[in-house]
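# Coordinates in review
Spelled out, the chains give:
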Amino acid sequence: MTEQVTAFVRHTPLPPSPPPASQTGMVKWLRENLFSSVFNAILTVLALYFIYKILAGFIPWMMNGVWNTSSIAECYAVLNGKRGGCFSVLTERWHQLIFGFKYPSDQYWRPSLSFILLLISVAPVLFSKLPRKMLLITAIYPFLAYWLIWGGTVIVPLIGLLGFVGGFKVFQAMAQQKFAVGFFAATFAALLIWYLGSYLSAPLSNFIALEAVPSRDMGGFMLNIILGTVCVSLSVPLGILLALGRQSDLPVIRVICVVFIEFIRGVPLITLLFVANVVLAYFLPPGTNFDLILRVIIMITLFSAAYIAEVIRGGLAALPTGQYEAAGSLGLDYAQSMRLIILPQALKISIPGIVNVAVGLFKDTTLVSIISMFDLVGMIRGPILASTEWNGIYWELLGFAAVLFFIVCYGISQYSQWLERQLATDHR
Amino acid sequence: MSLSAQADMSEFRLSMLINDKRYRSYTFQFLALMVLICLMAFLGWNLMQNLAAAGLNISYSFLGEPAGYDINQRLIEYNSQSTHWRASVVGVLNTLLVAVLGCLMATLFGVIAGVLRLSNNWIVAKIMAVYVEIFRNIPVLIWILIINALFLAALPQPRAFRGDNPEATMLFDAFAFTGRGIYMPKPVMYEGGWIVVAAFILSLIAIFVYRRYARKTLFDHGVVLPVLWPSLAILFVPTLAMFFLLGSPIGLEYPALKGFNFKGGIWARGSLLSLWFALSIYTGAFIAENVRAGIQAVSKGQSEAAASLGLRPGRIMNLVILPQALRVIIPPLISNYLNLTKNSSLAIAVGYMDITGTLGGITLNQTGRAIETILLLMAFYLTISLGISAIMNVYNNSIKLKGR
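These numbers were taken from a predicted model, which means no experiment stands behind them.

### Comments concerning the overall build of chain B
Scanning chain B for helices and strands turns up 13 helices and seven strands. In chain B, buried positions account for 29% of the 404 residues. Once local pairs closer than 6 in sequence are excluded, the contacts in chain B between residues at least 24 apart make up 65%.

The structure is reproduced here in structure tokens:
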């Protein structure tokens, strides 16, 4: 008895059913990331409440902000009891916050121009993809910026530049035989040019001259940027020398470097600034009169050089010994092996650390306000808060300073992380 | 060998000082030493000339003279008739006070933020990331000023506590949070009070010994002794027993509102609080990054291996993860402590009288002894830094991986 059974065969696949609602989209994400356990749920609620409290305080303050009054009394009159920020202090004192209160107001274009040029001239250093010819701008920039910001005749920075160019040419010619010979000859040539040039600059003091601005008139955020860039760029070469000295086989040189580095790292920057302010003058030849900004630049440079030296020492120590031995076995002498083999690799490793030190240094430039220089913080604590118009405005001013520093420092640290990814040549 | 060496010695020429590798290093070192000595002599000569011209000398006798200024926040007896030396000691103690308190609180902030930044709760992790970035990228001086202004604005003045229906009330009738600082109860010792304190310290030592013993038993015999409850028992039972047996020999003096201000109790000044809080929350952001890096440095395989051995999560943390993570965390942690101590010199910005404020500030201005005071100031900070680095080196050597 056979029965004909018609087998049912489905010819088309079933359409896939959607995943359960709890396993997809927003719900799943919320469940995994915000409410995975009771404890996590409590944390989430607390965090949301915290954010709400901050926004509830902050948004009305921003929204009701007053931007165009000329004193705190007027601002309160406009606010009329509402919660709001008197941001008009920023617009009214904008130039003071950025340039300080003594820089001649018809010359503001000079620091502004040098700031834009700074961005252009730093670009080829930061981004290696840009044409290398742009490094020429970078080389000229320090002299140009000096002329723009401090003013005076163009002869002085020109002679400075000439000295470096002459020294470099001599070095190129002489370094074929020996590094040391080239180095000393170049130094001599540069000094000679500067010495001869000093006779030239006095009689020609009106040759293509901008209005001269003395150092003590620098202030505001401009002063922070000047101190930051000058000190970082001077302290990197000094830091390299110190790091090499600390790694050296020569005990005397090593001890000198170790004592210097440990001494500087052991004391707070503020004591070094006190030294620049009141003590350094005692150690200079009688009659010399360095201005404060130069003394501060010297001390901050020494300070950050010690920190950079430690970073580079880390980079040097991270190189395998094989690199040193390979350089030696090629017959390179100390200067050549350092210049061609060791330093390029060690510096590459230490770039993130150097950038960290640079960010720290830039933040530390606010400390000059304590020795009564009028940088951004000094301007806020001094002339602006002391003025009758704006006495009592803390949040807007300090918040503004915080935002400015945050933008610069966060930008630099993001750049450093990007660079770290670019430089990672090991494939992991 | 010896022959050729002798031959070399006999053929010594002056040019070998530059060209021969054996002698060149001595030449360089000699030159460096000469340059250094000349520089020192130059600076010293200038110093003598300048001091002579100004009619000054180097002398520390000013330290014995009356200071003539007041310091409101102080840990030891001091008045305006005390010497400059005493003022400096007050400053040193104030620096150490804010540094120690700051390190403790910064560790707390840092550990919490570092652990929460790795949390699987998205919003909490993001908040912690924002905290770290905001505090790391804004100068500490600005933070100190902001937090000082925050304390002044957010907390009520003492007069707000007055009247029948005051705007502000004291917490537990013991703590008053005001814009001038925090008033809190002060322990007062009666007869026998020190015995209770001694008992407490002894029980702390006993807990430490017991925990070591429990650990040793675990490693030697594989027997797990309970730790938590015995520790708590040792901590509380003897001290409380002593306290009640001796008839409550330690009392509390509560702050009370007298006139326009609070009297009695301990008054922690607003400057100390804002500096303390600002330094610890700023340094906490750096410590958070160290803690995160330390935890991430322990590979996942370690915890998985421990779990596959049957260890419970608490034990995995205590016995496997933490010992390895701490090895990564501790060295940068110590250098952050040092940074905090050095940053405490910014106390001058909020008027907290630390060593930089007393010795490097008012004493310097009053006596005009710039070189002496700044040398003393640097010597103080150097001693702390070098001392802590020395301890750290010993510690690093004791925990570093022992190669076998």
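### Description of the overall build of chain A
A tally of regular secondary structure across chain A gives 17 helices and two strands. For 428 residues, the compact-globule estimate of 2.2 N^0.38 gives 22 Å, and chain A exceeds it by more than 25% at 30 Å. The principal-axis extents of the C-alpha atoms in chain A amount to approximately 125 × 75 × 40 Å. Burial status across chain A gives 30% buried among its 428 residues. For chain A, the share of sequence-separated contacts (at least 6 apart) that also reach a separation of at least 24 residues comes to 66%.

### Considering the interface of chain A and chain B
If you look at the interface, chain A gives 43 residues, while chain B gives 45 residues. For the side of chain A that touches chain B, the elements supplying multiple residues, two or more each, are helix H2 (38-63), helix H11 (251-266), helix H12 (269-279) and helix H17 (395-423) of chain A. Element by element, the count of residues in the side of chain A that touches chain B is highest for H17(A), at nine residues. By residue class, the composition of the side of chain A that touches chain B is 33 nonpolar, eight polar and two charged.

### Focus: the domain arrangement of chain B
It is common to give the size of an interface as the accessible area lost on bringing the parts into contact. Domains assigned within chain B are domain 1 (2-54) and domain 2 (84-139 + 270-399). Here domain 1 of chain B and domain 2 of chain B have C-alpha centroids that lie 43 Å from each other.

### Description of the sheet that holds strand E2 (residues 181-184) of chain B
Residue and element names in this part refer to chain B. Taken in spatial order, the three strands make up an open sheet running E1-E2-E7, and their pairing is antiparallel. Both outer strands of the open sheet, strand E1 (176-178) and strand E7 (266-269), are each paired with one neighbouring strand and no more. Neighbour to neighbour, the strand axes of the sheet diverge by 15° on average, direction disregarded. Strand direction decides the pairing type here: E1 and E2, joined by three bridges, are antiparallel. Bridged to Thr178 within E2 is Gly181. Helix H9 (residues 270-297) contacts E2 and E7 of the sheet and is inclined by roughly 60° relative to E7.

### Concerning unusual backbone geometry
Residue and element names in this part refer to chain A. Positive phi is not limited to glycine here, since Ser372 has a value of about 50°. Along the polypeptide, Ser372 turns up in the loop between helix H15 (334-364) and helix H16 (376-386). Owing to 11 C-beta atoms within 10 Å, Ser372 belongs among the exposed residues under this scheme.

### Side note on the packing of helix H7 (residues 193-221) of chain B against helix H8 (residues 228-245) of chain B
Two numbers describe a pair of packed helices, the interaxial angle and the distance between the axes. Residues and elements named next belong to chain B. Relative orientation of the contacting elements H7 and H8 amounts to 165°, with a least axis distance of 9 Å. The angle between H7 and H8 places the two elements in the roughly antiparallel class. In this structure, H7 meets H8 at a crossing whose hand is right-handed. Where H7 approaches H8, its residues Ile195, Val196, Ala199, Phe200, Ser203, Ala206, Ile207, Tyr210 and Arg211 are matched on the opposing element by Pro230, Ser231, Ile234, Leu235, Pro238, Thr239, Met242 and Phe243. Class assignment of the residues belonging to the contact of H7 with H8 gives a composition of 13 nonpolar, three polar and one charged.

### What to know about the nonpolar core
Counting 139 residues, the largest nonpolar core has A:Leu273, B:Ile144 and B:Leu275 as its most contacted members. Not counting chain neighbours up to four residues away, the residues in contact with B:Leu275 comprise B:Val98, B:Ile144, B:Ala347, B:Val350 and B:Tyr352. Formed by five residues, the second largest nonpolar core is a distinct cluster that contains A:Val170, A:Ala186, A:Ala189 and A:Ala190.

### Thoughts on the packing of helix H4 (residues 84-117) of chain B against helix H5 (residues 122-136) of chain B
Residue and element names in this part refer to chain B. Axis separation between H4 and H5 bottoms out at 8 Å; the angle between their running directions is 130°. On the basis of their axis angle, the class for H4 and H5 is oblique. Crossing angle aside, the handedness with which H4 passes H5 is left-handed. Between H4 and H5, the contacting residues are Ala113, Leu116 and Arg117 on the first element and Val124, Ala125, Met128, Ala129, Tyr131 and Val132 on the second. Classifying every residue of the contact of H4 with H5 gives eight nonpolar, no polar and one charged.

### Side note on the confidence of the model for chain B
Residues and elements named next belong to chain B. A residue-level look at chain B finds 88% of positions with pLDDT of 70 or above and a mean pLDDT of 81. Confidence drops under a pLDDT of 50 for residues 1-7, and excluding neighbours within four residues, the segment shows zero contacts in the predicted structure. On the interface metric, ipTM, the complex scores 0.86, and its pTM is 0.85.

### Observations regarding H2(A)
If you check H2(A), its first and last C-alpha atoms are 37 Å apart, about what 26 residues at 1.5 Å a residue would give, namely 38 Å. For H2(A), the tally of buried residues reaches only two of 26 residues, placing the bulk of the element at the surface.

### Observations concerning helix H11 (residues 313-343) of chain B
Residue and element names in this part refer to chain B. Taking 1.5 Å of rise per residue, the 31 residues of H11 would be expected to cover 45 Å, yet its terminal C-alpha atoms sit only 39 Å apart, more than 12% below that figure. The principal kink in H11, of about 45°, is found at Ile321, preceding the proline Pro323 by one to four residues. Check the buried side of H11 and you find it contacts H4, helix H6 (140-154), H9 and helix H13 (370-399).

### Here we look at the environment of B:Arg211
Residue and element names in this part refer to chain B. Along the chain, Arg211 falls in helix H7. Sequence separation of Arg211 and Leu225 is 14 residues, and the distance between their C-alpha atoms is 9.2 Å. With residues near it in sequence (within four places) discarded, Arg211 still touches Val227 and Ser231.

### Some remarks on the confidence of the model for chain A
For chain A, per-residue confidence averages 84 on the pLDDT scale, and 97% of positions sit at 70 or higher. Here strand E2 (residues 209-210) of chain A stands out as the least confident element of chain A, with mean pLDDT 74; helix H10 (residues 220-247) of chain A is the most confident, with 91.

### Structural notes on the environment of B:Asn343
All names here are of chain B. Mapped onto the elements, Asn343 comes out in helix H11. Classification of Asn343 by C-beta neighbours within 10 Å gives buried; the count is 26. When the C-alpha atoms of Asn343 and Ser59 are compared, they prove to be 29 Å apart, with 284 residues separating the residues in sequence. Setting aside its immediate chain neighbours within four residues, Asn343 contacts Val140 and Leu279.

Rules used in this analysis
Residues numbered from 1 in each chain as written. Chains lettered and ligands numbered in written order. Predicted model: local features only at pLDDT ≥ 70, side-chain atom pairs only at ≥ 80, totals over all residues. Helix = DSSP H or I, 4+ residues; strand = E, 2+ residues; numbered from the N terminus. Buried ≥ 20, exposed ≤ 12 C-beta atoms within 10 Å, placed from the backbone. Contact = placed C-beta atoms within 7 Å. Rg over C-alpha atoms; globule rule 2.2 N^0.38 Å. Nonpolar A, V, L, I, M, F, W, Y, C, P; charged D, E, K, R; others polar. Domains from an automatic or database assignment. Pairing = 2+ DSSP bridges. Axes fitted to C-alpha atoms, helices over the stretch in contact; angles between N-to-C directions. Parallel < 35°, antiparallel > 145°, perpendicular 65-115°, else oblique. Left-handed = near helix turned anticlockwise from the far one by under 90°. Core = buried A, V, L, I, M, F, W, Y, C linked by C-beta atoms within 7 Å. pLDDT = per-residue confidence, 0-100. Expected span 1.5 Å × (residues − 1). Bend = angle between axes of the 7 residues up to and from the residue.

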